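What follows is the residue order along each chain.
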Amino acid sequence: MRVRTLTGGLAAALVMAGPALTGPVAAVPSADSARTLVADRVLTYDARAAAEFRTAVDRGAAIWNESVDGVELRPAADGEGADIQVVADDGWPRSLPGSLGRGTVYIGRQAIDQGHSTVRVTAHELGHVLGLPDRKPGPCSSLMSGASAGTSCTNAYPNAAEKAQVEKNFEGADAPV
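Below is a summary of the structure that appears in this document. (Residues numbered from 1 in each chain as written. Predicted model: local features only at pLDDT ≥ 70, side-chain atom pairs only at ≥ 80, totals over all residues. Heavy atoms only, no water.)

**Details of the overall build of the protein chain**
Applicable threshold: Put simply, DSSP marks the helices as runs of H or I at least four residues long and the strands as runs of E at least two long, and each gets a number from the N terminus on. Burial classes follow relative accessibility: with a 1.4 Å probe on protein chains only, a residue under 20% of its type's maximum area counts as buried, one over 50% as exposed, and anything between as partly exposed. Residue contacts follow a heavy-atom distance rule, with two residues in contact if any of their heavy atoms lie within 4.5 Å. Note on areas: these come from Shrake-Rupley sampling with a 1.4 Å probe, and a residue is covered only by the protein chains present in the view.
Looking only at helices and strands, the protein chain has 6 helices and 5 strands in total. When its helices and strands are written in sequence order, the protein chain yields α-α-β-α-β-β-β-β-α-α-α. Counting all 177 residues of the protein chain, 36% fall into the buried class. For the protein chain, the share of sequence-separated contacts (at least 6 apart) that also reach a separation of at least 24 residues comes to 58%. For the protein chain, the exposed area adds up to about 9900 Å²; of that, 58% sits on carbon and sulfur atoms.

**Re the nonpolar core**
The test is simple: Definition used in this section: a nonpolar core is a set of buried Ala, Val, Leu, Ile, Met, Phe, Trp, Tyr and Cys residues joined via side-chain atoms within 4.5 Å.
Ranked by internal contacts, the top residues of the largest apolar core, which has 29 residues, are Trp 64, Leu 73, Ile 84, Leu 130 and Val 166. Every element with two or more residues in this core is listed here: strand 1 (41-49), helix 3 (54-67), strand 2 (71-75), strand 3 (84-89), strand 5 (103-108), helix 5 (118-129) and helix 6 (160-170). Apart from residues lying up to four places away in sequence, Leu 130 is in contact with Leu 43, Trp 64, Val 71, Leu 73, Leu 100, Val 166, Asn 169 and Phe 170.

**Digging into the environment of Pro 93**
As for its placement among the helices and strands, Pro 93 is situated in the loop between strand 3 and strand 4 (94-97). Sequence-distant contacts of Pro 93, defined by excluding residues within four places in its chain, comprise Tyr 106, Gly 108, Ala 111, Val 121 and Glu 125.

**Description of the layout of surface pockets**
Rules: Computed over the protein atoms alone on a 1 Å grid, cavities are sets of points where a 1.4 Å probe fits but cannot get out and pockets are open sets with protein on both sides within 12 Å along at least five of seven lines; a residue lines them when it has an atom within 4 Å of a point. Grid points are joined across faces, edges and corners, and a volume is the space filled by probe spheres set on the points. Only Asp, Glu, Lys and Arg are considered charged in this grouping, and only Ala, Val, Leu, Ile, Met, Phe, Trp, Tyr, Cys and Pro are considered nonpolar; every other residue, Gly among them, is considered polar.
For the largest pocket, the calculated volume is near 170 Å³. If you go around the largest pocket, you meet 14 residues; those closest to its centre are Trp 92, His 124, Glu 125, Gly 146 and Ala 147. Sorting elements by how many residues they give to the lining of the largest pocket places helix 5 first, with 5 residues. Residues belonging to the lining of the largest pocket are distributed by class as follows: 5 nonpolar, 5 polar and 4 charged.

**Some thoughts on the side chain of Asp 89**
What counts, and what does not: Side-chain atoms alone can form a polar contact between residues adjacent in sequence; in general such a contact is a pair of N or O atoms within 3.5 Å, and within protein one must be able to donate a hydrogen while the other accepts it.
Relative to the helices and strands, Asp 89 is located in strand 3. A relative accessible area of 17% means that Asp 89 is categorised as buried. A distance of 3.2 Å separates a polar atom in the side chain of Asp 89 from the backbone nitrogen of Gly 91. In this structure the side chain of Asp 89 is engaged in a polar contact, spanning 2.5 Å, whose partner is the side chain of Arg 94. Setting aside its immediate chain neighbours within four residues, Asp 89 contacts Arg 94, Tyr 106, Ile 107, Gly 108 and Arg 109.

So this is what it looks like as structure tokens:
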């Protein structure tokens, strides 16, 4: 008797849930919403002080967004504090990371004036804030080889090992409060 009641209750629950389980295809998340669900952490950046490099900063952030799922870089909204400050100056490009995902990136005109790719420099410096070290000397295929790859190198994309390290760095990272 008890088994019959249990199976009857289970069958009734399945009948009631049927429409929810077999609902329209529109209930499936789109690729854009699925990506938002996958991202463990959103980091904001402020490129207002990046001067002529502002477009390169946006492109460098987009490259990281295309390359990894565990973190997403977004421009900070007006009045919003940013995790990453991006500044243009006349020195050599550099990053001053704070904690993981926070810091200041300097897009130095010195390297750009010598012929280095603006987008590569930007993506490289953002890589430091994402927890990657320099890999010098290195081939052009390594984003973190930086200037050691030479001015002819315009590759702004992280290689498989660099992507994997960023994913590992942000695995289980706490979402910002």
